[in-house]
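# Descriptive analysis of the structure
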Amino acid sequence: MSTEPYDIVIIGSGAGGGTLALKLAPSGKRILLLERGDYLPREKENWSPADVFVDNRYVSKDTWYDLSGTPFQPGVHYFVGGATKMFGAAMFRLRQHDFIAHRTADGMTPDWPIRYEDLEPYYTQAEKLYHVHGRRGDDPTDPPASAPYPYPPVSHEPRMQEIADGLRRAGYTPSYAPCGVLLDEADRPSSRCIRCNTCDGYPCLVHAKADAEVIAVRPALEYPNVTLVRNAQVQRLETDAGGRAVTRVIADCNGQRVEYAGSIVVVSCGAANSARLLLMSANEKHPHGLANGSDMVGRHYMFHNAIALVALSMRENPTVFQKTLTINDFYLGAPDYGFPLGNIQMIGKSQGPMFKEDAPKFAPGFALDQMARHAVDFWLTSEDLPLPQNRVTVNPKGEIHLHYEFTNVEPANRLRQKLQEMLRHMGMHPHLIPNRAYMGKHIPIAGVAHQSGTCRFGSDPRTSVLDVNCKAHELDNLYVVDTSFFPSIGAVNPSLTAIANALRVGDHLLQRFA
């Protein structure tokens, strides 16, 4: 079965694909958006910590394999809106430093083929589009911006304000975390966001999180030239005889083979699955995978050195919406350490059921609830290096094998020590407890929320997959627009950069269509 050709086929509806669809929608071009999942169900379980974090109700049933061949369930979610349906809506810009080659504890990061200044206008557009709340100037690493945040910072609740004040008195520079939510604190009765405790890591039942479905896909579908096909898992891309253009997109739609065609084809499946699709699309002209003459497809996988930690407050922490504070004092280094350490930010307020897997089997529920009432929750990210051996490959069944070696572990450990030193200034007990609910069960590499790399962009076809506009070097009509294009990852959440880049590539495609 086949359909009439489209002007552009976009595979994936997350931060990259969904945003690109909205950017191109006003052009009048025929746009097809293919999503392997469906709309995430709106149900009371959206707000249940037991369903979301303990039972993994919305996690894909995929099986991936690690370096040793051991199977694991990755923390991926396949829905309209992609990974943004479950993200914490932390919308950081990469710092100027991140775009330039720099030394880390374990080696050098590569140069980006663009600079921060090239992406800055699109960061500003992305912040406006995704309702980012924040305040410029508080963060010592905040890069220059051409406009203020479009929305005021999400206010600290009393316990978070005490923490911020304590840190400031101790000489640190805590700042408001940039947050993408549809919140109007000046008019709470009319605000879509109700400022609940089930935002970070949960789907939003009231559609008040600035995810790609709410912000991009649904508005794009208001244009008659945009079509969304759900439950369409793309199996492979086929090319013309010369191997220079993708001619057919082969998808499994509820068990039926369907072929689509587009003048432009955009892969936006997420770093691991975009690499998988290109590798599965090998043909005579591309024997090692589509666009893989450089042998770079699937390589340089990154996902941050991330640590989720719980500190116990000396008095109860009644905070509801906790993700309002960030600390970047050690992003570029520390007085006692010359290499970058990373970012500290809050995560969503933990609840008793989330401690179930880490608690002793005899721990009664009320004890876990009591622990949660005193919990203050932190998320630490340090940069991992884009090693060529850290890569996605596929087996003959098309299953993902993720080969990953950890790098820059010492900076991550030092960042944890820095947080430990801060605890006394925050009114905390001097202990930090791992919170594995945010880490994708028991296997660290299963927590793939920040996955990046695998199809890096660059000016040299021998060392990159994509050109500066995210078009495959070896094909005339194939683009990859998601976090795959990152040459390095920095130490902040990648979502806003993926969105800004989608807007940038959208401008390029509009010029190409003109």
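For the structure itself, look to the data block above.
This section reports on the structure supplied with the text. (Residues numbered from 1 in each chain as written. Predicted model: local features only at pLDDT ≥ 70, side-chain atom pairs only at ≥ 80, totals over all residues. Heavy atoms only, no water.)

The pairing of strands in a sheet happens through backbone hydrogen bonds and is either parallel or antiparallel. Ordered in space as β8-β16-β17-β18-β15-β21, the six strands form an open sheet in which the pairing is antiparallel. Only two strands of the sheet have a single partner each, and these edge strands are β8 (175–176) and β21 (428–434). With eight bridges connecting them, strand β15 (residues 305–313) and strand β18 (residues 375–382) associate as antiparallel partners. Within the sheet, the bridge partner assigned to Asn 305 lies in β18 and is Ser 382. Against the sheet, helix α4 (residues 158–169) touches β8, β15, β16 (325–327), β17 (343–346), β18 and β21, its axis set at about 25° to β16. Sitting on the sheet, helix α8 (residues 409–422) touches β15, β16, β17, β18 and β21, and the angle it makes with β18 is about 150°. (Pairing = 2+ DSSP bridges. Helix = DSSP H or I, 4+ residues; strand = E, 2+ residues; numbered from the N terminus. Contact = heavy atoms within 4.5 Å. Axes fitted to C-alpha atoms, helices over the stretch in contact; angles between N-to-C directions.)

This part covers the pairing of strand β11 (residues 232–239). Walk down a regular strand and you will see the side chains alternate between the two sheet faces. Pairing of β11 with strand β12 (residues 246–253), which is carried by seven bridges, proceeds in the antiparallel orientation. When the sheet's bridge partners are listed, Gln 233 is paired in β12 with Asp 252. A loop of six residues connects β11 with β12, the two strands running antiparallel in sequence, and Gly 243 in this loop sits at a positive phi of about 75°.

Attention now moves to the nonpolar core. Counting residues in each nonpolar core, the largest one holds 104 residues, and the members touching the most others are Ile 11, Leu 237 and Leu 478. Here the element with the most residues in this core is helix α9 (residues 495–513); it accounts for eight residues. When neighbours within four sequence positions are excluded, Leu 478 is seen to be in contact with Leu 237, Val 246, Val 265, Val 267, Leu 278, Leu 290, Cys 470, Lys 471 and Ala 472. Residues Ile 327, Leu 415, Met 422 and Met 426 belong to the second largest nonpolar core, which totals 27 residues. (Core = buried A, V, L, I, M, F, W, Y, C linked by side-chain atoms within 4.5 Å. Buried < 20%, exposed > 50% of the residue type's maximum accessible area, 1.4 Å probe, protein only.)

Here the focus is the packing of aromatic side chains. In total, this model carries 18 aromatic pairs according to the counting rule given. Between Tyr 301 and Tyr 404 the ring centres are 6.2 Å apart and the planes differ by 85°, which places this aromatic pair in the edge-to-face class. Of this pair, Tyr 301 sits in the loop between α6 (271–280) and β15 while Tyr 404 sits in the loop between β20 (400–403) and α8, and the two are 103 residues apart along the sequence. Across this residue pair, the class does not change: Tyr 301 and Tyr 404 are buried. For the pair Phe 485 and Phe 486, a centre-to-centre distance of 5.0 Å together with 70° between the ring planes defines the contact as edge-to-face. Phe 486 gets classed as buried once you look at its relative accessible area, which sits at 0%. Of the aromatic side chains, those joined through ring pairs into one cluster are Phe 99, Trp 112, Tyr 116, Tyr 123, Phe 457, Phe 485 and Phe 486. Cation over ring: Arg 30 sits above Tyr 6, and NZ or CZ is 4.3 Å from the ring centre. (Phe/Tyr/Trp six-rings, centres within 6.5 Å; stacked < 30°, edge-to-face > 60°. Lys NZ or Arg CZ within 6 Å of the ring centre and 35° of its normal.)

Spatial relationships are all this shows, so hold off on functional conclusions.
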